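Structural characterization, general
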Amino acid sequence: MITITLPDGSAREVESGTTPADIAAAIGPGLAKAALAARVDGELVDIGRPIEADAAFALVTSRDEKDALELARHDYAHVLAEAVQALWPDTQITFGPATDDGFYYDFAPSAQRGPFTEDDLPVIEDKMREIIAADQPLVREVWSRADLIARWQAKGESFKAEWAAELPDNETLTVYRSGTGEDAWLDMCRGPHLASTGRLDPKAFKLTKVAGAYWRGDQNNPQLSRIYGTGWLDKKQLAAHLMRLEEAAKRDHRKIGQEMDLFHLQHEAQGSVFWHPKGYLIWRELEAYMRRKLDAAGYDEVKTPQLMDAKQWEQSGHWGKYRENMFVVPDEIPHVPEEGADDDTPVITGDADMMALKPMNCPAHILIFKQGIKSYRDLPVRMAEFGCCHRNEPHGALHGILRVRQFTQDDAHIFVTEDQLIEEVRDFCDLLDEVYHELGFDSYAIKLALRPDARYGSDAEWDRAEQQLRDAVKLAGRDTDEYGWEELPGEGAFYAPKLEFHLSDAIGRTWQVGTIQADTVLPERLDASYVGEDGERHRPVMLHRAILGTFERFIGILIEHHAGRFPLWLAPVQAVVATIVSDADDYADEVVAKLKAAGIRAEADTRNEKINYKVREHSLAKVPNLLVVGKREAEQGTIALRRLGSDEHQKVMTLDEMIATLRDEATPPDRKGG
RNA sequence: GCUGCUGUAGCUCAGUGGUAGAGCACACCCUUGGUAAGGGUGAGGCCGAGAGUUCAAUCCUCUCCAGCAGCACCA
């Protein structure tokens, strides 16, 4: 007999080998039906898995939504793989986990079959529903490594065989059998799974897309064909999820950017943004705001060259570790043939020295730091630049204005002594926190990206830098779950570990924006030094840091976060004065002039259109304030204020009242109050 | 860069092996209308680029370019 302890603290004596299903049945038939799996000493296990020793025990039902979803999604992936092999037996299976909203499975289709396409999805879905309807039992079996490898090799499953051979020795190798008899379908899987395929809701999943994905996530490995699905406990959850996707699509910054005439992209300058007047207004407001914040925090702003000689990049190390991301330009006057002449001299010979567009601002900032001799009394030096950088990103990486090849960072480098480092990082964390909150973001996560394989600097330097960043976050009190604190091995920059700040937007997606990196490598490579109290030269540590990250990405996130309905201080057009009759046109112009004089961005709409039409159009254009003027208003010197998204009826008020209201709201957050 | 899909008017999208259509937007005319689309007329397209198959290609095939979704990479 063994003792199991239930969540309420009560204990039960049961036979060794009793399964969670047995225990559920003993408690009651309702629970037996509802039980999906169990937690034994915290570990999620199959409902049919025998318990062999004393343990803390809890049944998992659909009320334990997180566990239940995880189980269901894992099962959907399993059923997907079975369906695909039923349809195309030559397809090799690899693996398929649950994701945040569903599941995927990676396949290696036969050469004849080729990768899956979207047209295959409905066919596969039908087969999946058949498997669910057949309510096949899913049974866990423990296999020996040799048997497992032999089985996969016999089936021609080379990926599975490779995987089975490489699983660690201490791992119990398990297989799940779907169905019974000779034609049962097997997959190697850690589990757990639901008791049978019939536990899945055939109406609560949907295959969503196909994509290529590398075997084991490595670009050098063969590419597999991945099928994605979304899976839920019931069809209501699925419908809600599809609704959320639609919502997200409506917020897409590319769509809103076009609708609101903020910017455009075109292939002659792919990856670089054409900012239209309205989009650039947002940029200018944001930049002015950041400049005020940095001024107040003791930063000095600089501006550095766009092009520098390759030798400089060699010395900084970018040429060695970052060159494939750089735009390289020959330092040579291009050849221009005489008009009409038969001249096949190439435009560029390529023999000249190379220059490169800067991918980062850091080397140039060190070069400024190195001008003159710095004393320890000068530190910390906080050097800021709204620096425009170019990075030669792979084409497939480009995405709207969130991932571009030309971007402007709210960059700064802080040169500190070892003693100043931790507090300086702490202060940065505080500044960043303030900025995010003022810009309307309530939550963000902090990650520590540790040393990558391709790096400069000694292990001792990396040890110290990583530990200092850890300590600083702790000092700032942000190494907690609230901030999603975690460490990411191998994700650091080639010269330094970095703290990454990931913003959560209004619909829960996250974006890396801010960063701070503690770098001893570049000061060394570029020979930056200061004279210490002892009269000797010392190396400063260089903190690379950004809060917004880049204006391009940050504005993209702002657009999606606010769905285009910016807070008034950032809204490109803050008010439109719309006339009802043309007799009010002069008055409308007068109102606009007064608004502009009060610093409010306003336009008049005196077109020959009905007021209904104007209201609709400006509402769709997300203009925050519509000031309606007709004969009445023109005579009385008032306006009728209609606020976007407000349920209140319009309010008629005098010009002065209206200006007082708007001016207050249009004040940037750092200028409000005290 | 890799896999799949897509590319027709400024935008959103129909369509056909015999060189094109809608709605919105735009221009002009009528209308001066009180809170989410008033009416009429008109202009606008090398059907992404190149090659091939064909009597004939926007449509079929191939190559390239770009966009989209992933992957890999990343602010």
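Residues numbered from 1 in each chain as written. Chains lettered and ligands numbered in written order. Predicted model: local features only at pLDDT ≥ 70, side-chain atom pairs only at ≥ 80, totals over all residues. Heavy atoms only, no water.

**Digging into the nonpolar core**
If you look at the biggest cluster of nonpolar residues, it comprises 65 residues, and the most contacted ones within it are Tyr-436, Leu-499, Phe-501 and Phe-554. Here this core takes eight residues from helix H13 (residues 418-438), the largest share from any one element. If we skip the residues at most four places from it in the chain, Phe-554 touches Leu-286, Tyr-436, Leu-439, Phe-441, Leu-503, Val-513 and Leu-548. In terms of nonpolar packing, the next biggest core, distinct from the first, is built from 44 residues, Leu-69, Ala-77, Ala-83 and Ile-124 among them. (Core = buried A, V, L, I, M, F, W, Y, C linked by side-chain atoms within 4.5 Å. Buried < 20%, exposed > 50% of the residue type's maximum accessible area, 1.4 Å probe, protein only. Helix = DSSP H or I, 4+ residues; strand = E, 2+ residues; numbered from the N terminus. Contact = heavy atoms within 4.5 Å.)

**What to know about the layout of surface pockets**
Space inside the largest pocket adds up to approximately 1,200 Å³. Residue lining of the largest pocket: 39 residues in total, with Tyr-322, Arg-391, Glu-393, Lys-498 and Gln-512 positioned closest to the centre. Among the secondary structure elements, those contributing two or more residues to the lining of the largest pocket are strand E21 (406-416), strand E24 (498-504), strand E25 (510-519) and strand E28 (541-550). It is E28 that provides the largest number of residues to the lining of the largest pocket, a total of five residues. Across the lining of the largest pocket, the residue classes tally to 14 nonpolar, 13 polar and 12 charged. (1 Å grid on protein atoms, 1.4 Å probe; cavity = no way out; pocket = protein on both sides within 12 Å on 5 of 7 lines; lining within 4 Å. Points joined across faces, edges and corners; volume = space filled by probe spheres on them. Nonpolar A, V, L, I, M, F, W, Y, C, P; charged D, E, K, R; others polar.)

**Re the protein's contact with RNA strand B**
Surrounding RNA strand B, one finds 53 residues, the nearest of these being Gln-223, His-395, Ile-580, Asn-608 and Gln-650. Of all RNA strand B atoms lying within 4 Å of any protein atom, the proportion belonging to sugar or phosphate reaches 51%. A distance of 3.1 Å is found between a sugar or linking oxygen of RNA strand B and a side-chain nitrogen or oxygen belonging to Tyr-228. Counting only elements with at least two residues in the surface near RNA strand B, the list comes to strand E11 (205-214), strand E12 (223-231), helix H8 (253-259), E25, helix H18 (611-620), helix H19 (631-636) and strand E32 (638-643). (Near = heavy atom within 4 Å. Polar contact = N/O pair within 3.5 Å; in protein donor to acceptor, adjacent residues only side chain to side chain.)

**Thoughts on helix H17 (residues 585-597)**
Along its 13 residues, H17 runs 18 Å from first to last C-alpha, staying within 8% of the 18 Å computed at 1.5 Å per residue. For H17, the set of buried residues is Asp-585, Tyr-587, Ala-588, Val-591, Val-592 and Leu-595. All buried residues of H17 lie within an arc of 155° about the axis, which places them on one face of the element. In this structure, H17 carries Asp-586 and Ala-597 as exposed residues pointing more than 90 degrees from its buried face. At its buried positions, H17 is contacted by strand E29 (575-579), strand E30 (602-605), strand E31 (625-629), H19, E32 and helix H20 (655-665). Immediately downstream of H17, the backbone of Gly-599 shows phi near 85°, a positive value. (Expected span 1.5 Å × (residues − 1). Arc of directions from axis to C-beta.)

Functional significance is not addressed by these values, which are geometric in nature.
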